[in-house]
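Structural description and commentary
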Amino acid sequence: MYRFSNTVIGFLNLFTLLASIPIIGGGLWMARSSTTCESFLQTPLLVVGFVVLIVSLAGFIGACFHVAWALWVYLVVMLFLIATLMGLTVFGFVVTGPGGGVEVPGRVYKEYHLEKYSPWLTTRIKDPRYWSTIRSCILGSKTCAKLALWTPLDYLEKDMTPIQSGCCKPPTACNYNNVMAAGLAQDPDCYRWNNAPNLLCYECDSCKAGVLEDIRTDWHKLSVLNIVVLVFLIGIYSIGCCAFQNTKRAETDYPYGENRMKLVRPRWDYYWWRWWHDKRHQLY
């Protein structure tokens, strides 16, 4: 039973080793795709897939074949993964804390403002390189095409996603019909709006805010999953430490204090046991 931890680690790493194959395959398939949104996820998928493959292989070899150095590498990388995941989870909660929508009187949907989000996210989303990629994703998803057939009543009664609210229409407060509206101070997004299907409000700050709200919601869901994965990884790491100790005992052939090595110098407690045994025989 003392090598039960080795068996558990072996089976767990065999499972994750097999699971890494479709992850890598998905990343390679995305590399061949011409869709911007899919290629955007290519690098993270490949990195995660190869890291899981290498770590699982080291853990499987170390636990099943009692290779101490492989288990040592496995434990070091696992510790790094746990620390990285913990840091990302905390960072995600801090960065995605600010935000949220603003109620629009008489409407079901909400509107989103860029200044309500964290400076780090705001700076990233304003970077033209990142925004051009995200803008292409929104265009390719045809999110705004779903609103093309809406009637004015639909805008009063139906809800919208954050991206639809920010990218597919101008801010509700914009006034284009009043002749005097030109002299009124309006949201800058009112002047960025264009009726052309490939323009709309894709360059508006409200569109960037809608994307950040989607990221914020998804990151909160992902953070909950990260906590579950962290607990799972810490449990595996604890079992891996036991497996490493068992492997070290197997290498010295000296498990649980029993000296079965006949051709090497006995351990210090052997002499103590011999002295106590002889003393006992002298007394009785």
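Residues numbered from 1 in each chain as written. Predicted model: local features only at pLDDT ≥ 70, side-chain atom pairs only at ≥ 80, totals over all residues. Heavy atoms only, no water.

**Re the state of the cysteines**
Keep this limit in mind: The term disulfide is used for any two cysteine sulfur atoms that are within 2.5 Å. In this text, helices come from DSSP runs of H or I with a minimum length of four residues, and strands from runs of E with a minimum of two, each type numbered from the N-terminal end. Whether a residue is buried, partly exposed or exposed follows from its accessible area with a 1.4 Å probe, protein chains only, as a fraction of its type maximum: under 20%, in between, or over 50%, in that order.
According to the stated counting rule, one finds 4 disulfides in the structure shown. Each sulfur of the disulfide joining Cys174 and Cys190 lies 1.8 Å from the other. Disulfide Cys174 to Cys190: torsion about the S-S bond roughly -90°, handedness left-handed. One end of the pair, Cys174, is in the loop between helix H8 (162-167) and helix H9 (188-192); the other, Cys190, is in helix H9, and 16 residues separate them in sequence. Residues Cys174 and Cys190 agree in their burial class; the two are buried. A disulfide bridge connects Cys201 with Cys204, and the sulfur atoms are separated by 1.7 Å.

**Considering the packing of aromatic side chains**
For clarity, the threshold we go by: Only centres within 6.5 Å qualify two rings of Phe, Tyr or Trp (six-membered ring in Trp) as a pair; their planes then separate them into stacked at under 30 degrees, edge-to-face at over 60, and tilted for everything else. Lysine and arginine charges are scored as sitting over a ring when NZ or CZ, respectively, is within 6 Å of the ring centre and within 35 degrees of the ring normal.
All chains considered together, the criterion is met by 3 aromatic pairs. Where Trp150 meets Tyr155, the ring centres are 5.3 Å apart and the plane angle is 75°; that geometry is what we call edge-to-face. The buried category is assigned to Trp150, whose relative accessible area is 17%. Through successive ring pairs, a cluster of aromatic residues spans Phe91, Trp120 and Trp219. We note Lys208 situated over the ring of Trp131; from NZ or CZ to the ring centre the distance is 4.8 Å.

**A look at the pattern of salt bridges**
Opposite charge on two side chains lets them pair, provided their charged atoms get close. The line we're drawing: The term salt bridge refers to a pairing of a side-chain nitrogen on Lys or Arg with a carboxyl oxygen on Asp or Glu at a separation within 4 Å.
Applying the stated criterion across every chain, the model contains 8 salt bridges. Residue Arg129 is joined to Asp127 by a salt bridge in which the shortest nitrogen-to-oxygen separation is 3.1 Å. Shared partners join several salt bridges into a network, and the residues in it are Asp189, Arg192 and Asp205.

**Re helix H6 (residues 128-141)**
Heads up, the condition is: What a helix is expected to span follows from its residue count: subtract one and scale by 1.5 Å. Taken from the helix axis, the directions to the C-beta atoms give the arc we talk about. In the analysis that follows, any N or O atom pair within 3.5 Å is treated as a polar contact, provided that within protein one partner can donate a hydrogen and the other can accept it, and provided that, for residues neighboring in sequence, both atoms belong to side chains.
Relative to the 20 Å expected for 14 residues at 1.5 Å per residue, H6 spans 20 Å between its end C-alpha atoms, a close match to the ideal helical length. All of the buried residues along H6 are Trp131, Ile134, Arg135, Cys137 and Ile138. All buried residues of H6 project into a common sector of 160° when viewed along the axis, lining one side. Opposite the packed face of H6, turned more than 90 degrees from it, sit the exposed residues Pro128, Arg129 and Gly140. Its side-chain oxygen placed 3.0 Å from the backbone nitrogen of Arg129, Asp127 serves as the N-cap of H6. Following H6 by one or two positions, Lys142 has its phi on the positive side, about 55°.

So, to be careful, I would describe these as geometric facts and stop short of saying anything about function.
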